[in-house]
Number of protein chains: 2
Amino acid sequence: MQEKKIILIGFGNVARAFSRLLTAKQALLQTQYGFSTHIIGIATAHHGSALAPEGIDAEAAIALVSAGQSLDSLSTQPVPASIIDLIRTSRADVLFENSPVNHATGQPAIEHLRLGLECGMDVITANKGPVVHAYRELTDLALSQKRRFLFESAVMDGAPIFSLFRGPLPAIEVKGFSGVLNSTTNFILGLMEQGMSFDAAVKESQAVGLAETDPSADIDGWDAAIKVAALATVILGQPLTPEQVDRTGIRGITAEMIRSAQQADERWKLVCRAQRVGDQLLTKVAPERVKADTPFYSINGSSSYVQFETDVLPGLGIVESNPGPTTTAYGLLADLINAVRHG
Amino acid sequence: MQEKKIILIGFGNVARAFSRLLTAKQALLQTQYGFSTHIIGIATAHHGSALAPEGIDAEAAIALVSAGQSLDSLSTQPVPASIIDLIRTSRADVLFENSPVNHATGQPAIEHLRLGLECGMDVITANKGPVVHAYRELTDLALSQKRRFLFESAVMDGAPIFSLFRGPLPAIEVKGFSGVLNSTTNFILGLMEQGMSFDAAVKESQAVGLAETDPSADIDGWDAAIKVAALATVILGQPLTPEQVDRTGIRGITAEMIRSAQQADERWKLVCRAQRVGDQLLTKVAPERVKADTPFYSINGSSSYVQFETDVLPGLGIVESNPGPTTTAYGLLADLINAVRHG
């Protein structure tokens, strides 16, 4: 039985759900995939850090952080002051990077992932920043280190998107894609259909934990644009930053526009599009009125959707309904299993 | 460069599209996947058979069959009288079984696939019969022969369904699924929404090549039921025959029912369902009125859809739009590449 020692950088909702999922699936990992896991380190920006080579109890760590206390008390050895030094001295096999996304630079996640690979770890993240800003570098480094850089949860949580093109869809030529990739704007537009004002809908989306205190990353289309950039970079092999995406958010959508669409059995959605035209890639994020005859129409609440146009499958769509932290955590688990079993 | 010698059992639309796709993707197979292919044998029930170890030209074979002529003239060596003997003496590496589906027994496809495996070939099929009637036997035989039995195209053409659960979705518990899996009934119900009578819609679906001369396999729900049985057998690990599925076709759907649904912004679809309840699996194929808020509503024409309910992804749906023979052929090609690269 192989033992995989894990360190978690960041311990927010997703990392906590992941640590619980690891416990819940532990017996299956051992019997079906031939390895066990121990979380030996957790590093956070605001809740301290812990290192314990014999394993950290996930529930104890969650209880401490939920109570606003530091993780330090779980350490059984001195913890380096910096996350960098913690990674370097941890002797872990797999690093999970779940710090908040930085749309502009992808840092400090890129630095953590690079160091993890340099130390011989597989590195896994749900963070779009490193995918957009360092995909080539980290993928090449992983290859030269005979390790993996995986990030299934970076787009559409745990729904299989990147792994679909690594495995089940060989020798396919992707010509473009379109989708509804930002949950928060989709949720806001749905509330507006129920008669809520734009401002009230934004407040409600903050209250349920979808939108951030500063909601502009969602409503101005930045989150959608970085997802377009991530899909273009990895699946279309066309490096792209969020700034290069033609981007319009949903601030211009009025109650009147919502009503007018409803009267025609249509809905406003923040639609993402990418299309190869010659050797150019045209990418766009903008509100569109979609008809009931398209899958876009039925993607409501926090659900999301992407469809790929390829040379051999005219339209292949993936729907993800009702995601939660466990959905994202599952993407991290799938990456872990695939890193271990495919070396 | 590995060379893979291929024999094709059956040379209908799908096999012809596959042989063209092999030609079109040949350079990619060689540069990206490190192998080349030669079709060294084609066996048909009504168009003769050919064996040529140095390779058969796909376009020449298609031209002969399209002109109603026998393939025999393409042979460069004596061809055994029976398909069984042809398989046995072919010395091929990969066998593709594309004979017509036999819902009741899966024969003679099962016999061809079994023999192929016994002769040390990887075996690949788009035929649902062997999946439903011999999945366990052929999978175990493949394992003991260190070969593969793959059948991605058996459900939803080339859309990745079975390979999704082999690769991208490890350690997942599938609780059930639902979908629109039969194109012909979906096409017929769509024509009825445009005002056509049931009988006229059936005739039209025959005219465009979707329904068979005897349309009962589609309109009585047998095709949908065998797809439910295939998904249950492979993905839920619950062996099931089409006869065990609670099955109602679309003969009872009247023009009045179609109109009444339309007035409520709903549509009739032949919906497939499977649900674990305790240690039982409840399966059903029946017409349902679906709302515009569900992905089912937007699955029109010959498109299809399946969504899986699992322990970690509340809803994961796959949409396949506008399939054609190349779509199914692509599933065969993906199986071939995955058989070669994962051994």
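Rules behind the numbers
Residues numbered from 1 in each chain as written. Chains lettered and ligands numbered in written order. Predicted model: local features only at pLDDT ≥ 70, side-chain atom pairs only at ≥ 80, totals over all residues. Heavy atoms only, no water. Helix = DSSP H or I, 4+ residues; strand = E, 2+ residues; numbered from the N terminus. Rg over C-alpha atoms; globule rule 2.2 N^0.38 Å. Areas by Shrake-Rupley, 256 points an atom, 1.4 Å probe, with all protein chains shown as cover. Lys, Arg positive; Asp, Glu negative; His and termini not counted. Charge placed at Lys NZ, Arg CZ, Asp CG, Glu CD. Phe/Tyr/Trp six-rings, centres within 6.5 Å; stacked < 30°, edge-to-face > 60°. Buried < 20%, exposed > 50% of the residue type's maximum accessible area, 1.4 Å probe, protein only. Least-squares fit on C-alpha atoms with pLDDT ≥ 70 in both. Contact = heavy atoms within 4.5 Å. Pairing = 2+ DSSP bridges. Buried area = accessible area lost by both parts, 1.4 Å probe. Salt bridge = Lys/Arg side-chain N within 4 Å of Asp/Glu carboxyl O. Polar contact = N/O pair within 3.5 Å; in protein donor to acceptor, adjacent residues only side chain to side chain. pLDDT = per-residue confidence, 0-100. Axes fitted to C-alpha atoms, helices over the stretch in contact; angles between N-to-C directions.

Peer 1: Please explain the overall build of chain A as it appears in this structure.
Peer 2: Broken down by element type, chain A carries 13 helices and 12 strands. Its C-alpha radius of gyration of 21 Å places chain A within 12% of the 20 Å reference for a compact globule of 343 residues. Counting only C-alpha atoms, chain A reaches 65 × 45 × 35 Å along its principal axes. Total accessible area on chain A stands at roughly 13300 Å², and carbon and sulfur atoms take up 49% of it. With 28 positive and 36 negative side-chain charges, chain A shows a spacing of 3 Å between the two charge centroids.

Peer 1: Mind showing me how you'd approach the packing of aromatic side chains here?
Peer 2: Each aromatic ring pair is summarised here by two numbers: the centre-to-centre distance and the angle between the ring planes. Residues and elements named next belong to chain A. Summed over the entire model, instances satisfying the criterion amount to 14 aromatic pairs over all chains. Between the aromatic rings of phenylalanine 151 and phenylalanine 162, the centroid separation amounts to 4.8 Å while the plane-to-plane angle is 75°, which identifies the pairing as edge-to-face. A residue pair is termed long-range when its members are at least 10 positions apart, and phenylalanine 151 in the loop between β6 (149-150) and α7 (162-166) and phenylalanine 162 in helix α7 qualify at 11 residues. Given a relative accessible area of 3%, phenylalanine 162 falls into the buried group. Every member of this aromatic cluster is reached through a ring pair, and the members are Tyr135, Phe149, Phe151 and Phe162.

Peer 1: Sorry if this is basic, but what is going on with the relation of the copies chain A and chain B here?
Peer 2: Once turned by 180° and shifted 0.0 Å along the axis, chain A lies on chain B with an RMSD of 0.0 Å. Here the transformation between the copies is reduced to the relation of a two-fold axis. Residues of chain A ranked by C-alpha distance from the rotation axis are headed by isoleucine 318 of chain A, positioned 2.4 Å from it. Interface overlap between copies is the fraction of interface residues in one copy that are interface residues in the other; for chain A against chain B it reaches 100%, indicating a shared surface.

Peer 1: Would you take a moment to explain unusual backbone geometry for this structure?
Peer 2: Outside of glycine, negative phi angles account for most residues, and trans bonds account for most peptide bonds. All names here are of chain A. Residue glutamine 107 is joined to proline 108 through a cis peptide bond whose omega torsion reads -5°. When you line up the elements, proline 108 lands in the loop between β4 (94-97) and α5 (109-118). Backbone geometry at arginine 91 places phi at a positive 55°, although glycine is not the residue there. In this fold, arginine 91 is placed in the loop between α4 (83-90) and β4. Here the phi dihedral of methionine 156 falls at roughly 55°; this positive angle occurs in a residue that is not glycine.

Peer 1: Sorry, what's going on with the pairing of strand β4 (residues 94-97) of chain B here?
Peer 2: All names here are of chain B. Here β4 shows two buried faces, one formed by Val94 and Phe96 and the other by Leu95 and Glu97. Summarising the sheet, strand β1 (residues 2-9) and β4 pair through four bridges and their orientation is parallel. Residue pairing across strands places leucine 8 opposite phenylalanine 96, the latter belonging to β4. Judged from the four bridges that link them, β4 and strand β5 (residues 122-125) form a sheet pairing that is parallel. In the strand pairing of β5, glutamate 97 is matched with threonine 125.

Peer 1: Whenever I open this one, the side chain of serine 321 of chain A confuses me. Can you help?
Peer 2: Looking at the secondary structure, you find serine 321 of chain A in strand β12 (residues 315-321). Of the residues examined, serine 321 of chain A reaches a relative accessible area of 17% and is grouped as buried. Excluding anything up to four places from it in sequence, serine 321 of chain A contacts Ser303 of chain A together with Pro314 and Gly315 of chain B.

Peer 1: Help me understand the environment of glutamine 263 of chain B in this model?
Peer 2: Residues and elements named next belong to chain B. If you trace the backbone, glutamine 263 turns up in helix α12 (residues 255-263). Relative accessible area serves as the criterion here: at 68%, glutamine 263 is assigned to the exposed category. Distance in space between the C-alpha atoms of glutamine 263 and alanine 200 is 22 Å, their sequence separation being 63 residues.

Peer 1: Can you walk me through the side chain of lysine 25 of chain B in this structure?
Peer 2: Tracing the chain through its elements places lysine 25 of chain B in the loop between α1 (13-24) and α2 (26-33). With residues up to four places along the chain from it excluded, the contact list for lysine 25 of chain B reads Ala171, Ile172, Glu173, Asp311 and Val312 of chain A together with Leu333 of chain B.

Peer 1: So what exactly am I meant to see when it comes to the interface of chain A and chain B here?
Peer 2: For an interface, size is often stated in terms of accessible area lost upon the parts coming together. The interface of chain A with chain B comprises 47 residues on the first partner and 47 residues on the second. Carbon and sulfur atoms supply 59% of the area that chain A and chain B bury against each other, a total of about 3600 Å² over both sides. Seen at the junction of chain A and chain B, the total is four salt bridges. When the shortest N-O distance is used, the salt bridge between aspartate 311 of chain A and lysine 25 of chain B registers 2.6 Å. Connecting chain A to chain B are 22 residue pairs in polar contact (both at pLDDT 80 or more).

Peer 1: Is there a simple way to explain the confidence of the model for chain A in this structure?
Peer 2: Regions with low pLDDT should not have their predicted coordinates read in detail. Confidence in the prediction of chain A, expressed as mean pLDDT, is 96, and 100% of residues score 70 or more. Scoring of the predicted complex yields 0.96 for pTM and 0.95 for ipTM.

Peer 1: Even after reading the chapter, I still don't get the sheet that holds strand β12 (residues 315-321) of chain B, so can you show me in this structure?
Peer 2: By definition, the strands of a sheet pair up through backbone hydrogen bonds, in either a parallel or an antiparallel sense. Taking strand neighbours across the sheet as the criterion, the 12 strands line up as β8(A)-β10(A)-β9(A)-β7(A)-β11(A)-β12(A)-β12(B)-β11(B)-β7(B)-β9(B)-β10(B)-β8(B) in an open arrangement whose pairing is mixed. Edge positions in the open sheet fall to β8 (246-247) of chain A together with β8 (246-247) of chain B, since each of these has one partner strand only. The pairing of strand β11 (residues 304-310) of chain B with β12 of chain B spans five bridges and is classified as antiparallel. In the sheet register, valine 306 of chain B faces β12 of chain B, and the bridge partner there is isoleucine 318 of chain B. Along the sheet, helix α8 (residues 183-193) of chain A makes contact with β7 (174-180) and β9 (266-277) of chain A, crossing β9 of chain A at roughly 150°. Sheet strands in contact with α12 of chain B are β9 (266-277) and β10 (280-291) of chain B, and its direction is about 90° off that of β9 of chain B.

Peer 1: When you look at the sheet that holds β4 of chain A in this model, what are you seeing that I'm missing?
Peer 2: Residues and elements named next belong to chain A. Spatial strand order, β3-β2-β1-β4-β5-β6: six strands in an open sheet with mixed pairing. With partners counted over all chains shown, the strands left at the sheet margins are β3 (49-51) and β6, one partner each. Sitting on the sheet, α5 is in contact with β1 (2-9), β4, β5 (122-125) and β6, with an inclination near 175° to β4.

Peer 1: Would you mind showing me how to read the pattern of salt bridges here?
Peer 2: Where side chains of opposite charge bring their charged atoms close, a pairing between them can arise. Counted under the stated rule, the structure contains 32 salt bridges over all chains. The shortest N-O distance in the salt bridge between aspartate 122 of chain A and arginine 147 of chain A comes to 3.1 Å. With a gap of 25 residues between them, aspartate 122 of chain A in strand β5 and arginine 147 of chain A in the loop between α6 (128-144) and β6 connect regions that are remote in the sequence. Since its relative accessible area comes to 2%, aspartate 122 of chain A is described here as buried. The partly exposed category is assigned to arginine 147 of chain A, whose relative accessible area is 26%. The partner of arginine 20 of chain B in a salt bridge is glutamate 59 of chain B, with the nearest N and O atoms 2.8 Å apart. With arginine 20 of chain B in helix α1 and glutamate 59 of chain B in helix α3 (residues 58-66), this pair connects stretches of sequence that are 39 residues apart. Residue classification places glutamate 59 of chain B among the partly exposed residues on the basis of a relative accessible area of 39%. Among the charged side chains, a network of salt bridges with common partners joins Lys128, Asp223 and Lys227 of chain A.

Peer 1: Would you mind going over the environment of phenylalanine 151 of chain B with me for this structure?
Peer 2: All names here are of chain B. For phenylalanine 151, a relative accessible area of 6% translates into the label buried. Expressed as a C-alpha distance, the spacing of phenylalanine 151 and glutamine 307, which sit 156 residues apart in the sequence, is 19 Å. When near neighbours in sequence (up to four residues on either side) are disregarded, phenylalanine 151 contacts Thr125, Val131, Tyr135, Phe162, Val234 and Asp335.

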